[in-house]
Amino acid sequence: MDKSYIEELKTGITQLQSELAHQQTAIAVARDEGDTKEYTKLMSTFLATQRQYLKFCSELEELGGE
């Protein structure tokens with residue numbers, strides 16, 4: 001597989017890790033404040049981001065890039 005594609009996957013994974021960390025902090029704040037509407041919205045976004053992160057990790061593993 002093209003090495004540049006593997007590097008792009010790695011970059012995407014790093015960016016998603018950062019986004020997931022940020023979202024986890026925001027979720028904790030919403031939970032602590034009892035803002036269920038915001039918490040639900042953030043969890044939905046978090047799960048979609050996590051799904052993409054896992055997809056990228058799986059693809060990278062299949063390509064032997066890790």
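Look a little higher up for the structure.
Here is a short report on the structure shown in this document. This one's a predicted model, so the numbers in the text were calculated from it and none came from an experiment.

## Re the packing of helix α1 (residues 3–33) against helix α2 (residues 36–62)
- Two elements in contact, α1 and α2, have axes separated by 9 Å at closest approach and are oriented at 155°. Overall, the two elements α1 and α2 adopt an arrangement that is roughly antiparallel. The way α1 lies across α2 gives a crossing that is left-handed.

## A word on the nonpolar core
- Ile6, Leu9, Ile13, Leu16, Leu20, Ile27, Ala30, Leu42, Phe46, Tyr53, Cys57 and Leu60 together form the largest nonpolar core, which totals 12 residues.
- Mapped onto this core, the elements with two or more residues apiece are α1 and α2.
- Ranked by the residues each element gives to this core, the list is headed by α1, at 7 residues.
- Ignoring anything within four residues of it in the chain, the contact list for isoleucine 6 reads Leu60, Leu63 and Gly65.

## Side note on the pattern of salt bridges
- Applying the stated criterion across every chain yields a total of 3 salt bridges.
- The shortest N-O distance in the salt bridge between lysine 41 and glutamate 38 comes to 3.3 Å. Linking lysine 41 with glutamate 38, this pair stays in helix α2, spanning 3 residues, or about one helical turn.
- Residue glutamate 38 is classed as partly exposed on the basis of its relative accessible area of 28%.

## What about the side chain of glutamine 23?
- Relative to the elements of secondary structure, glutamine 23 occurs in helix α1.
- Among the polar contacts made by the side chain of glutamine 23, one reaches the side chain of threonine 49 at a distance of 3.3 Å.
- The residues contacting glutamine 23, other than those within four sequence positions of it, are Thr45, Phe46 and Thr49.

Cut-offs used in this document
Residues numbered from 1 in each chain as written. Predicted model: local features only at pLDDT ≥ 70, side-chain atom pairs only at ≥ 80, totals over all residues. Heavy atoms only, no water. Axes fitted to C-alpha atoms, helices over the stretch in contact; angles between N-to-C directions. Helix = DSSP H or I, 4+ residues; strand = E, 2+ residues; numbered from the N terminus. Parallel < 35°, antiparallel > 145°, perpendicular 65-115°, else oblique. Left-handed = near helix turned anticlockwise from the far one by under 90°. Core = buried A, V, L, I, M, F, W, Y, C linked by side-chain atoms within 4.5 Å. Buried < 20%, exposed > 50% of the residue type's maximum accessible area, 1.4 Å probe, protein only. Contact = heavy atoms within 4.5 Å. Salt bridge = Lys/Arg side-chain N within 4 Å of Asp/Glu carboxyl O. Polar contact = N/O pair within 3.5 Å; in protein donor to acceptor, adjacent residues only side chain to side chain.

Purely spatial values, then, with no claim about function.
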